Every structure is written in C-alpha cells, then in structure tokens.
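Per-entry structural report
This is what each chain is made of:
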Amino acid sequence: EALDALYEDGFLPYSGESRSDVHNLYYMARSARVDLPSFSPTSENRRIKKKFDGKHLVSKEYSASAFIKNGDMLNFCLKYFETRHGQNFITKERLIRILSHSPEAKVVEYKDAEGVSRAYIIEVHGDNMRHYWFSFYDLSMVYQSFGMWLMIDRVDDAKKKGLKYCYLGTVYGDKALYK
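Please read all numbers here as calculations on a predicted model, not as lab measurements.

Rules behind the numbers
Residues numbered from 1 in each chain as written. Predicted model: local features only at pLDDT ≥ 70, side-chain atom pairs only at ≥ 80, totals over all residues. Heavy atoms only, no water. Helix = DSSP H or I, 4+ residues; strand = E, 2+ residues; numbered from the N terminus. Rg over C-alpha atoms; globule rule 2.2 N^0.38 Å. Contact = heavy atoms within 4.5 Å. Areas by Shrake-Rupley, 256 points an atom, 1.4 Å probe, with all protein chains shown as cover. Pairing = 2+ DSSP bridges. Axes fitted to C-alpha atoms, helices over the stretch in contact; angles between N-to-C directions. Salt bridge = Lys/Arg side-chain N within 4 Å of Asp/Glu carboxyl O. Buried < 20%, exposed > 50% of the residue type's maximum accessible area, 1.4 Å probe, protein only. Left-handed = near helix turned anticlockwise from the far one by under 90°. Nonpolar A, V, L, I, M, F, W, Y, C, P; charged D, E, K, R; others polar.

**What to know about the overall build of the chain**
When helices and strands are tallied, the chain shows five helices and eight strands. Counting from the amino terminus, helix and strand elements in the chain follow one another as α-β-β-β-α-β-α-α-β-β-β-α-β. Relative to its length of 179 residues, the chain is compact, with a C-alpha radius of gyration of 16 Å against a globular reference of 16 Å. In the chain, 66% of the contacts between residues at least 6 apart in sequence involve partners at least 24 apart. Carbon together with sulfur atoms contributes 49% to the accessible area of the chain, which is approximately 9800 Å² in total.

Laid out in structure tokens, this is it:
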C-alpha cells in the first residue's frame, strides 16, 4: 500500500525487537495526528517556541541510511536512550534496524551556531505526511522543553511544506500526554 494510506488507516512502523530480516512492517496503533492545514500553535506552543527560535539551531534532513555507519550519531542516540529510559531500552542493532526500516526514513540533525550536534530526529516522510518517529537530544536541555520545541519545529516545518498531516506516534499512557 501507499505509505500515506497506511498511516491514514491507523498503522505505524514497527520498531520493537524482532528478527533482523523484517523490514517495512507496520502495525495498527492509536497515534496522535496533527491536521496541518488547520494547525495553529497554542499559547503553550508559542511560549516554548520563543525559548529556542532564533537560537541558531539549524536543521538538515538526510536519508536515514546515511547515518547507519555514523558512529557519533549512533552513540549520541544510544546515550540519550540509556540516560532517559534505562539501559538496554534500545540496542545498537535495534537503532540500526529503525534507520534501515524503509527508504522513506529520514534523519533530521540540529546543530547549534558552533556546528555542534544538539539533536537528531528520525522521521518517516510520505507524499503528504510526516511521522515524527524518534527524537534524541542534548540532555543538558531536557528541563528547558527542548524536546517539545523540536516536535513543534518539525510540525511547523511540515506545515510550511504544505503537507496534510504530521503523525506524532502512539498516545498510550501518561507519558504521551505532552503530544
């Protein structure tokens, strides 16, 4: 099926531990979806945007496959997950499997004015949609709402590109309420 249709029907890419030879596997899930044409930032979104907008953070999109051999990026992401979610939450093998999930997988890198990588976002891009799949960012900014700013920035970018939807992933449990 076309990628956009899979998402519209309620499917997300599977990223759990599984056989290494499984690619392009999707599962039905309850996902948050932003209707971009009607999206306008809330007062809380605007407050968070002001904290980082104009702070010389530059984003650039890459094919996810380009990052599979990037040891610095992989280590950055693995350290983020270990610190935020505990040891063995995500393994290097699983992260590589996520990056090689499909040709539509992209990595967005955010660098500061000095050229230091501050965040990586793994997304899936369709013709009229974007899926904000995983984010990894500088943990020194964790209590400054940097993660929320990244999500808002990617939603804003998708809207500027004229896309129809931005999917934010599953919304099961209290940990997903920020979405």
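**Examining the sheet that holds strand S7 (residues 129-137)**
In spatial order, the strands read S3-S8-S7-S6-S5-S4; together these six strands make up an open sheet with mixed pairing. Across the chains shown, the open sheet's two edge strands, defined by having one partner strand only, are strand S3 (31-35) and strand S4 (58-63). Within the sheet, the average angular offset between the axes of one strand and its neighbour, ignoring direction, is 30°. For strand S6 (residues 117-125) and S7, the ladder comprises seven bridges, and the chain directions are antiparallel. The residue bridging Val124 from the neighbouring strand is His131, located in S7. Along the sheet, helix H3 (residues 71-85) contacts strand S5 (105-111), S6 and S7; its crossing angle with S7, the most-contacted strand, is approximately 75°.

**What to know about the pattern of salt bridges**
Where charged atoms from two side chains of opposite charge approach closely, those side chains can pair. For the coordinates displayed, the defined rule picks out 12 salt bridges. Of the charged contacts in the structure, one is a salt bridge between Glu61 and Lys161, with a shortest N-O distance of 3.0 Å. Remark: Lys161 occurs in the loop between helix H5 (146-160) and strand S8 (165-170) and Glu61 occurs in strand S4; sequence separation between them is 100 residues. We classify Glu61 as partly exposed; its relative accessible area is 32%. Judged by relative accessible area, which is 48%, Lys161 ranks as partly exposed.

**Concerning unusual backbone geometry**
The backbone of Ser145 sits at a positive phi, close to 70°, despite the residue not being glycine. You can see Ser145 is positioned in the loop between S7 and H5.

**Focus on the packing of H3 against helix H4 (residues 92-99)**
One way to put it is that H3 packs onto H4 with a least axis distance of 11 Å and a crossing angle of 115°. For the crossing formed where H3 meets H4, the hand is right-handed. Facing Met73, Leu74, Cys77 and Leu78 of H3, the residues of H4 in contact are Lys92, Leu95, Ile96 and Leu99. Across the contact of H3 with H4, the residue classes break down as seven nonpolar, no polar and one charged.

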